[in-house]
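# Architecture at a glance
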Amino acid sequence: MAGSGRRPEHRGPPELFYDEAEARKYTQNSRVVEIQSQMSERAVELLGLPEDRACLLLDVGCGSGLSGDYISEEGHYWIGMDISPAMLDVAVEREVEGDLLLADVGHGIPFRPGMFDGCISISAVQWLCNADKKSHSPPKRLYKFFSTLYTALARGSRAVLQLYPENSEQLELITAQAMRAGFTGGMVVDYPNSAKAKKFFLCLFVGTSGTLPKGLGTECASEEPQQAKFTNERTRFRNIKGKSVKKSRDWILEKKERRRRQGKEVRADTKYTGRKRRPRF
């Protein structure tokens, strides 16, 4: 169930779709790596993790470990699950810092109760809606996944699952099985009016009913048209051309705005924000 930075084309089960050639091509694609990093950052942000300690996270559909790389950069630990041996082989070759488990999450999450401080998943959960074998029942596989995930997560924690639903019926099926398993929460949609930038994050709470975070691009100042924000986002992504997004002025401004929404103290923006400084000798 390899995570993906693109909308997957369901051509057979994921363990067959992501063969060795596809796994390597996927991991070496700078555009995919960039998108994967952005979605991983957003998913971890939505987890609302404490800042005073390192956490243990579960990465469902970890693939070659691209999302795990971001988790490690943030100082947290992680265990990744994936159904594709080829993807996990690439993760091992890349020497990712997380532990890896070859498993079908449709069979459940095989960890002890309350083990994880949170869970993220990038572009993987929608694969459970496919009946790739005669024995597969999407509702049953989804419920098995969500019910065992609920058990494996610590009380008060969250699971943030980024997904690409094919239609509204699929979205309702996934959400219904999550709620049936005991989760509360709902869907957070970033940039809902943009065809390209729109992203779905199923934000689930364990043992508590938290306030659902607001999606990016849903708040617009009266003097600024909403569509302008989406256009600026797409231009920013094109201009990066595979370079680290963290080196750009736009990324810094976006990060500061997110921290302001979280109620944190942030320095005011100036013309010097994000400027490149000459090296000192």
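Presented here is a report on the structure given in the accompanying data block.

Each value, and the rule that gives it
Residues numbered from 1 in each chain as written. Predicted model: local features only at pLDDT ≥ 70, side-chain atom pairs only at ≥ 80, totals over all residues. Heavy atoms only, no water. Salt bridge = Lys/Arg side-chain N within 4 Å of Asp/Glu carboxyl O. Helix = DSSP H or I, 4+ residues; strand = E, 2+ residues; numbered from the N terminus. Buried < 20%, exposed > 50% of the residue type's maximum accessible area, 1.4 Å probe, protein only. Pairing = 2+ DSSP bridges. Axes fitted to C-alpha atoms, helices over the stretch in contact; angles between N-to-C directions. Parallel < 35°, antiparallel > 145°, perpendicular 65-115°, else oblique. Left-handed = near helix turned anticlockwise from the far one by under 90°. Contact = heavy atoms within 4.5 Å. Nonpolar A, V, L, I, M, F, W, Y, C, P; charged D, E, K, R; others polar. Polar contact = N/O pair within 3.5 Å; in protein donor to acceptor, adjacent residues only side chain to side chain. Core = buried A, V, L, I, M, F, W, Y, C linked by side-chain atoms within 4.5 Å. Right-handed = clockwise from strand over helix to strand, strands pointing away. Phe/Tyr/Trp six-rings, centres within 6.5 Å; stacked < 30°, edge-to-face > 60°.

## Digging into the pattern of salt bridges
Throughout the structure, instances matching the rule amount to six salt bridges. In this structure, aspartate 69 and arginine 94 form a salt bridge, with 2.3 Å as the shortest nitrogen-oxygen distance. Placement of the pair is aspartate 69 in helix α4 (residues 66–73) and arginine 94 in the loop between α5 (85–93) and β3 (99–102), with a sequence separation of 25 residues. A residue is classified by how much of its surface remains accessible, and aspartate 69, at 25% relative accessible area, is partly exposed. Note on arginine 94: relative accessible area 30%, which makes it partly exposed.

## Details of the pairing of strand β7 (residues 199–205)
For β7, the buried fraction is high: seven of the seven residues fall into the buried class. The alternating pattern of β7 places Lys199, Phe201, Cys203 and Phe205 on one face and Phe200, Leu202 and Leu204 on the opposite face, and all of these are buried. Sheet topology places strand β5 (residues 153–163) next to β7; six bridges connect them, and they run antiparallel. By the bridge assignment, arginine 158 is partnered in β7 with phenylalanine 205. Two strands pair when backbone bridges link them, and strand β6 (residues 184–190) and β7 are joined in this way by seven bridges, in the antiparallel orientation. Note on β7: the bridge partner recorded for aspartate 190 is lysine 199.

## Description of the packing of helix α6 (residues 138–152) against helix α7 (residues 168–180)
Contact geometry for α6 and α7: axes closest at 8 Å, N-to-C directions at 45 degrees. Judged by the angle between their axes, α6 and α7 are oblique. When you trace α6 past α7, the crossing you get is right-handed. Contact residues: Pro138, Pro139, Leu142, Tyr143 and Phe146 in α6; Leu173, Ile174, Gln177, Ala178 and Arg180 in α7. When its residues are assigned to classes, the contact of α6 with α7 shows eight nonpolar, one polar and one charged.

## Topic: the side chain of serine 40
By the secondary structure assignment, serine 40 is in helix α3 (residues 30–47). On the basis of relative accessibility, which here comes to 0%, the residue serine 40 falls in the buried class. There is a polar contact of 2.7 Å between the side chain of serine 40 and the backbone oxygen of glutamine 36. Look past the residues within four positions of serine 40 in its chain and what remains in contact with it is Ser67, Tyr70 and Ile122.

## Remarks on the environment of serine 248
Along the chain, serine 248 turns up in the loop between α8 (226–240) and α9 (249–261). In this structure serine 248 comes out as buried when scored by relative accessible area, which is 18%.

## Quick word on the nonpolar core
Leu58, Ile109, Phe145, Phe146, Leu149, Leu161 and Phe183 are the most contacted members of the largest nonpolar core, which totals 32 residues. Those elements giving two or more residues to this core turn out to be β1 (56–60), β2 (77–82), β4 (116–122), α6, β5, α7 and β7. The dominant element in this core, judged by the number of residues it contributes, is α6, at six residues.

## Some details on the pairing of β3
Note: β2 against β3, four bridges, orientation parallel. Bridge pairing links glycine 80 to leucine 100 in β3. Remark: the β2/α5/β3 crossover connection has right-handed handedness.

## A few points about the sheet that holds β6
In spatial order, the strands read β3-β2-β1-β4-β5-β7-β6; together these seven strands make up an open sheet with mixed pairing. Each end of this open sheet is capped by a strand with a single partner; those strands are β3 and β6. With strand direction ignored, the average angle separating the axes of adjacent strands in the sheet is 15 degrees. Direction of pairing for β1 relative to β4: parallel, over a ladder of four bridges. Opposite valine 60, over in β4, you have serine 121 as the bridge partner. With respect to the sheet, α5 is in contact with β2 and β3, its orientation differing from that of β3 by roughly 165 degrees. Across the sheet, α7 lies against β5, β6 and β7, angled at about 15 degrees from β7, the strand it touches most.

## With respect to the packing of aromatic side chains
As enumerated under the stated definition, the model contains four aromatic pairs in all. For the ring pair phenylalanine 111 and phenylalanine 116, a centre distance of 5.1 Å and an interplane angle of 90 degrees mean the geometry is edge-to-face. Like phenylalanine 111, the residue phenylalanine 116 is buried in the burial classification. For the ring pair phenylalanine 145 and phenylalanine 146, a centre distance of 4.9 Å and an interplane angle of 55 degrees mean the geometry is tilted. Taking the relative accessible area as the measure of exposure, phenylalanine 145 reaches 0% and is therefore buried. Here phenylalanine 146 falls in the buried class, since its relative accessible area comes to 0%.

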